[in-house]
Structure formats: structure tokens, C-alpha cells
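Architecture at a glance
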Amino acid sequence: MAQLPVGATTAPSVNVPISNDLEATLIDLYQRVNPSVVHIYILDENSLQLGTGSGFVYDAAGHIVTNNHVVTGARGLEVVFPDGQRRAAEVVGSDVDSDLAVIRVDSLPAGVQPLPVGDSNSVQVGQFVIAIGNPFGEAGSLSLGIVSGLGRTLESDRIAEGGGRYSLPKVIQTDAAINPGNSGGPLLNLAGQVIGVNSAIRTTTGENSGVGFSIPSNAIHRVAPALIAEGVYHYPYIGVRMSSLTLAAQEAMGLTSPAGAYVTDLTPGGPAAAAGLRASGMNDSVGTLPGGDLIIAVNGQSIASPDDLISYLVFEAEVGQTVTLTIIRQGEQLELPLTLGERP
């Protein structure tokens, strides 16, 4: 994996006591953080504006983190800092599956500092968070909310080989107001650490419904350095389709527990097929069929669902690494070594 670039900041986990003067905390936080949150203008080949988004300064070299969907299709980028200074920017790298991108300006305004990126694994439901961005073009807007949920998933915009879509796990759900134009802006804790990148909303009107989603900061830690170094991020891959088992399927297969990732299909020639994993196949009328392997652990770490296995691959594994899968096959517990490939 690429190393963290010089100037990038990794913040330790901080528990901030909530004082009675939340107003003063928010004012101070905004004054410290907002200078590093930028307004991104997406331009066409004639330098006409196609749309806008948000981003934040990632390191002292002028790298800025935003969303992949913000910069996709741009023929030019113009970045506006809160003090009004403008810079042309270029895309350094982008990753559609995490919806992250890194752009770069040649220089930062005096005094503008990178924002510290925190540990999204320490985030808890109920904690206060703020979003800063440019909703509907209204630059430097702050909204306050809480973490509403953890462990959500966001589907990739691309269709995977063989159909279906990859998904990003461990996504943060928040009720902090997120609207068009907020995309790519930071979700922050009250210490001013970035814990997420605001990416999507669930809505029937196109406007904030109180259900917003942020890419977890630990995805930034893994993806952004690779985008800066290579322009792309290489995902580990095992080449399976998986499902969770219902109680009825568990009983029909004689399993003591439905917890795990049940293998329903294998990619021909993929790492899982080479390792000897077995798939059940699927039947549209019957549903899950017997005969597949149930993955219950990887390298000794328990797997309770397909999302757990995806999380392990995305946040803890590397392409080319050999892992040990613990599986249940026809009532017997087995261990299989599997060498991870690269996601096509």
C-alpha cells in the first residue's frame, strides 16, 4: 500500500467532552476548519460551469479530497477558498467504488492547513457531528447533527464484471443536513477531525431528508495515499457472490447458526475457485440452495455476514496477501488458504 504523503495528518482518536456552551464550540470549530474547506467548480471544455461540489485540504502539497462523482466528466476544475482566492486544479486520482477522488492545486493560500483525518472506527451512534460544504452553491455552510447509524453500505456507480455492483461498507449515516453541493465536503467531530466525506442522501425530492451518508475516514486513510501515488486504488478480491442465511435456510442445511457469509456463486478462475471454495448456486423459485460453504472467519476474525467479509477485504487486506478462511462445509469446520487477487 502507498505510504501517507508528507504533510498529510492522521489524527488520534479524541473524546471531546460536551460542554454547556455548544455554541462557542461550534463557532471556534468553524473558524478553525472552514478555511480548509473548498468550493469546487466543475467546468466543461469551454470553461463553462457544469456544477459545483465541496472538498477539503488533505496535505500541505495542495492535495484536496472530494468525491469521485463530483469530478467525473470534468474538463476543468476551479477551486475557490473561503477567503476568495481561486486556483486551477487537476485530478490526481479517483476511485469509483469508494466514491473518493483527490485533486491538486499548485499552492495553498497563506495559513490554510490540512484537516486532520480521524479514526472512523471510534465513531459512535449519537455523537454530535458537523458538515461543512457548499449546498446549492451557498459557500461555507455549516450544519449540525448526530451520527444516526453505522455500518451502512453505498453501492458503486459501476457495474461489476458479471453483473451486480460492489459496495463500500462501514458508511456513516447522519442527520446533519446534506444537500446537493455538499458532496465531497467533510463530516467532522467536535474536535475538528474529519470522520467522513459527505457523499449521498436518501431522498424522494432531491433535497435533505435527514438521512445522509458519509464515506468513513478509514477509507480515506487507505485510498487517498494510493490515489496520490498511483492515481488508482487496488482492491483485494476473492471472486464470490455471497448471501446471508435465513433461519429457515439454516435449519434446512442443519447448521447450528446462520451467522457467516454463505457462498452462492464463484467467479471462474478467480481466487476463491482456485482455493477450492464451493458455491451453492441460486434458484429463483426456491432461493438459497444447499451445498455452499459458509465462511465464518478470516484470519481468525469472526465473520457474521457478507458485509463483515467485505469490510475485512476493504479495510484490512492487501492484493496478493494469503488469508485463511474458516468455513463450514457439510457440517464440518475446515480452514482454507486463499491468495487474494485484485478486483477487476
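In what follows, the structure referred to is the one given above.
1. Here's the deal with the overall build of the chain
Helix and strand counts for the chain stand at six helices and 22 strands. Within the chain, the proportion of its 344 residues that are buried is 50%. Within the chain, contacts between residues separated by at least 24 positions form 63% of all contacts whose residues are at least 6 apart in sequence. Surface summary for the chain: the accessible area is close to 15200 Å², and the carbon and sulfur share equals 49%.

2. Overview of the nonpolar core
With 35 residues, the main nonpolar core has Phe56, Val65, Leu100 and Ile220 as its most contacted residues. Elements represented by at least two residues in this core include exactly helix 1 (22-33), strand 6 (100-105), strand 7 (128-133), strand 9 (167-174), strand 11 (194-201), strand 12 (212-216), helix 3 (217-230) and helix 6 (306-316). Element by element, the count of residues in this core is highest for helix 3, at seven residues. Leu100 has contacts with Val65, Thr66, Asn67, Asn68, Ser94, Asp95, Val197, Ile215, Ala219, Ile220, Val223 and Leu227, leaving out every residue within four places of it along the chain. Core analysis: the second largest hydrophobic core is formed by 20 residues, Ile303, Leu313, Leu325 and Leu336 among them.

3. Things to note about helix 6
The buried fraction of helix 6 amounts to eight of the 11 residues, a majority that puts the element mostly inside the structure. Three or more residues of helix 6 are buried, namely Pro306, Leu309, Ile310, Ser311, Tyr312, Leu313, Val314 and Phe315.

4. A look at the sheet that holds strand 1 (residues 37-43)
Strand order in the closed barrel formed by six strands is 1-2-3-6-5-4, and the pairing between neighbours is antiparallel. Within the sheet, the average angular offset between the axes of one strand and its neighbour, ignoring direction, is 40 degrees. In this sheet, strand 2 (residues 49-57) lies alongside strand 1 in antiparallel orientation, the contact comprising seven bridges. Its bridge partner lying in strand 2, Val37 is registered against Phe56. Running over the sheet, helix 3 touches strand 2, strand 3 (63-67), strand 5 (86-95) and strand 6 and is turned about 50 degrees from strand 6.

Conventions we followed
- Residues numbered from 1 in each chain as written.
- Predicted model: local features only at pLDDT ≥ 70, side-chain atom pairs only at ≥ 80, totals over all residues.
- Heavy atoms only, no water.
- Helix = DSSP H or I, 4+ residues; strand = E, 2+ residues; numbered from the N terminus.
- Buried < 20%, exposed > 50% of the residue type's maximum accessible area, 1.4 Å probe, protein only.
- Contact = heavy atoms within 4.5 Å.
- Areas by Shrake-Rupley, 256 points an atom, 1.4 Å probe, with all protein chains shown as cover.
- Core = buried A, V, L, I, M, F, W, Y, C linked by side-chain atoms within 4.5 Å.
- Pairing = 2+ DSSP bridges.
- Axes fitted to C-alpha atoms, helices over the stretch in contact; angles between N-to-C directions.

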